[in-house]
Protein chains: 2
Amino acid sequence: MMNSVTPAEIQANGVGFLPGLATDLVIFGFHQNQLKILLLTYQNTSLFALPGGFVREGENVNDAARRTLTQRTSLRDIYLEQFYLFGDQNRHDPAPLRAIMVGKGIQPTEDHWLLRRFVTVGYYALVDFTQAVPTPDPLSDSCEWYDLACLPPLMLDHQLIVQKALETLRARLDFNQWVAPLLPPTFTMSDLQNLYETILDQKLHRSAFQRKMLSLAILERVEKKYSGGAHKAPYLYRFINSPAVSAQPIQEWS
Amino acid sequence: MMNSVTPAEIQANGVGFLPGLATDLVIFGFHQNQLKILLLTYQNTSLFALPGGFVREGENVNDAARRTLTQRTSLRDIYLEQFYLFGDQNRHDPAPLRAIMVGKGIQPTEDHWLLRRFVTVGYYALVDFTQAVPTPDPLSDSCEWYDLACLPPLMLDHQLIVQKALETLRARLDFNQWVAPLLPPTFTMSDLQNLYETILDQKLHRSAFQRKMLSLAILERVEKKYSGGAHKAPYLYRFINSPAVSAQPIQEWS
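Residues numbered from 1 in each chain as written. Chains lettered and ligands numbered in written order. Predicted model: local features only at pLDDT ≥ 70, side-chain atom pairs only at ≥ 80, totals over all residues. Heavy atoms only, no water.

So, about the sheet that holds strand β8 (residues 187–188) of chain B. All names here are of chain B. An order of β8-β10-β9 is seen for the three strands of this open sheet, with the pairing classed as antiparallel. Each having just a single partner strand, β8 and β9 (219–221) make up the two edges of the open sheet. Inspection of the sheet shows β8 paired to strand β10 (residues 236–239) by two bridges, in the antiparallel sense. Looking across to β10, one finds that T188 is bridged to L236. (Pairing = 2+ DSSP bridges. Helix = DSSP H or I, 4+ residues; strand = E, 2+ residues; numbered from the N terminus.)

Here is the structure:
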């Protein structure tokens, strides 16, 4: 989170930056069937950290993240997206920040701005592994690719940030069940189509919609109970899994 | 953004809250084939606004949002998800905040905390329209459902927040093309499957994967150029549209 800031800016104690707000970047590459991310180490510490930085007064938050992305990869026009604001109070831990500053020869005061509670905006970037030029900054020893499958221990909640970025990628591979809370527990295919059409603001082809929905294997048909006119009633469906942030988008593949 | 805060807290000028950080909630319901959201109006102004609030020291940001959601809907265990951090500098406009305070009989100082630059965490909630009990707070005249299709003008960038929430819903209906930046412009089905398997950390069934991918209509096969052994080479594919935050997940339906 610190590495786009210079020692002089650290000593200026937050002047010129938005208070309590940081950015952290999970920069993904794909090489030899491995997902990789960029990590930095700080001088005179053994701390591994995500690239990141702070937001200047008069600077858009997204622009601050993009500034860091460009500095760390030497690439422009990279796919970059926010995915989560990490705002839990228990992420506040001044110890590693103090260690980094001491490692740079700075003795922070007890109320130094970097020792206060910060929230951080998590971003992920998708880059072509072969094009990026990982570049450390004045505060870090190295900027290198690490296999996601065997990361070193990361500082603060950076492990959680990586995990959440990965969950976001996975969920986006397929995420069709999130609409469930807008519907009653069981519904007809026509109900579902109405909802999709309303959200998309577009008419959908009825049989294509039904075929697609059934192909996703996220719906199950509810057993019809016998009643007089039941042979005319439409089928009722429900979602196999209820949605959640960590929805399981996987099963339809296996 | 203000309505979970009391007049006394406003006059305390930010003491006890995280600086520069707000939450705004787009609370969606679905009724009679209309998507609806909850809006508030402020006393003695004609401003319409999203429900929202601030984050207390010692409070998680998500908990602050959930506190507001419960207060405005009288519902617990509602689907609530962050979708974006609105952090552009040009969203800073002290005029409506001043009007709201004056409407409550408060004369703010020039450097009052509510007149400074804020970033806001956007959340959306999906609720059962028939269960929610829209509830204004001490600062607002009303809390009511409005059709998304004909909203009144909203204060600050709240119109943008609603638009972005809607785009998020639409994109999540299908969002399979986002992986494109991790691949070269053309790739084999096997390349694509390797990437999916790596992200999901799970083996996929080859023919099921291919069938699903082709059914999504997001790939097009690249014309094979003649070469000696070409009859044995696998097909190459590319994504029909390149991904973007506002990807068009729609066409596969029509």
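There is more to say, and it comes next.
In this approach the atoms are scanned with a rolling probe the size of a water molecule, which exposes any empty space left behind. There is about 580 Å³ of room inside the largest pocket. Lining the largest pocket are 25 residues, with P19(A), G20(A), L18(B), P19(B) and G20(B) positioned closest to its centre. Broken down by secondary-structure element, the contributors of at least two residues to the lining of the largest pocket are β1 (17–31) of chain A together with β1 (17–31) of chain B. Of the residues belonging to the lining of the largest pocket, the class tally is 14 nonpolar, six polar and five charged. (1 Å grid on protein atoms, 1.4 Å probe; cavity = no way out; pocket = protein on both sides within 12 Å on 5 of 7 lines; lining within 4 Å. Points joined across faces, edges and corners; volume = space filled by probe spheres on them. Nonpolar A, V, L, I, M, F, W, Y, C, P; charged D, E, K, R; others polar.)

Before going further, it helps to spend a moment on unusual backbone geometry. Residue and element names in this part refer to chain A. Of note, N13 is a non-glycine position whose phi angle comes to about 65°, a positive value. Residue placement: N13 occurs in the loop between α1 (7–11) and β1. The partly exposed category is assigned to N13, whose relative accessible area is 31%. Unusually for a residue other than glycine, L156 sits at a positive phi of about 45°. Its place among the elements puts L156 in the loop between β7 (140–147) and α4 (158–173). Assessed through its relative accessible area of 24%, L156 is described here as partly exposed. (Buried < 20%, exposed > 50% of the residue type's maximum accessible area, 1.4 Å probe, protein only.)

This model, assessed by the stated rule, comprises 22 aromatic pairs over all chains. With a centroid separation of 6.3 Å and 40° between ring planes, the pair formed by Y79(A) and Y124(A) is classed as tilted. Of this pair, Y79(A) sits in strand β5 (residues 79–86) while Y124(A) is found in strand β6 (residues 119–126), placing the two residues 45 residues apart along the sequence. Residue classification places Y79(A) among the buried residues on the basis of a relative accessible area of 12%. Here the aromatic rings of F54(B) and W113(B) are separated by 4.9 Å at their centres, their planes lie at 55°, and the arrangement is tilted. Linking F54(B) in strand β4 (residues 52–56) with W113(B) in the loop between α3 (94–103) and β6 (119–126), this pair joins segments that are 59 residues apart in sequence. The burial state of F54(B) is the same as that of W113(B); both residues are buried. One aromatic cluster is present, built from ring pairs that chain together Y79(A), F83(A), Y84(A), F86(A) and Y124(A). Sitting over the ring of Y235(A), R221(A) keeps its end group 3.6 Å from the ring centre. Positioned above the aromatic ring of Y84(B), the side-chain terminus of K164(B) is 4.0 Å from the ring centre. (Phe/Tyr/Trp six-rings, centres within 6.5 Å; stacked < 30°, edge-to-face > 60°. Lys NZ or Arg CZ within 6 Å of the ring centre and 35° of its normal.)

Once that is clear, we can look at the pattern of salt bridges. A full pass over the atoms with the stated rule returns twelve salt bridges over all chains. Two residues, E59(A) and R67(A), come together in a salt bridge whose shortest N-O distance is 2.8 Å. Judged on exposure class, the residue E59(A) and its partner R67(A) are both buried. In this structure, R91(B) and D157(B) form a salt bridge, with 2.6 Å as the shortest nitrogen-oxygen distance. Linking R91(B) in the loop between β5 (79–86) and α3 with D157(B) in the loop between β7 (140–147) and α4 (158–173), this pair joins segments that are 66 residues apart in sequence. (Salt bridge = Lys/Arg side-chain N within 4 Å of Asp/Glu carboxyl O.)

Before going further, it helps to spend a moment on the pairing of β10(B). All names here are of chain B. The alternating pattern of β10 places Y237 and F239 on a buried face and L236 and R238 on a face that is not buried. Bridge count for β9 against β10 is three bridges, and the pairing is antiparallel. By the bridge assignment, E220 is partnered in β10 with R238.

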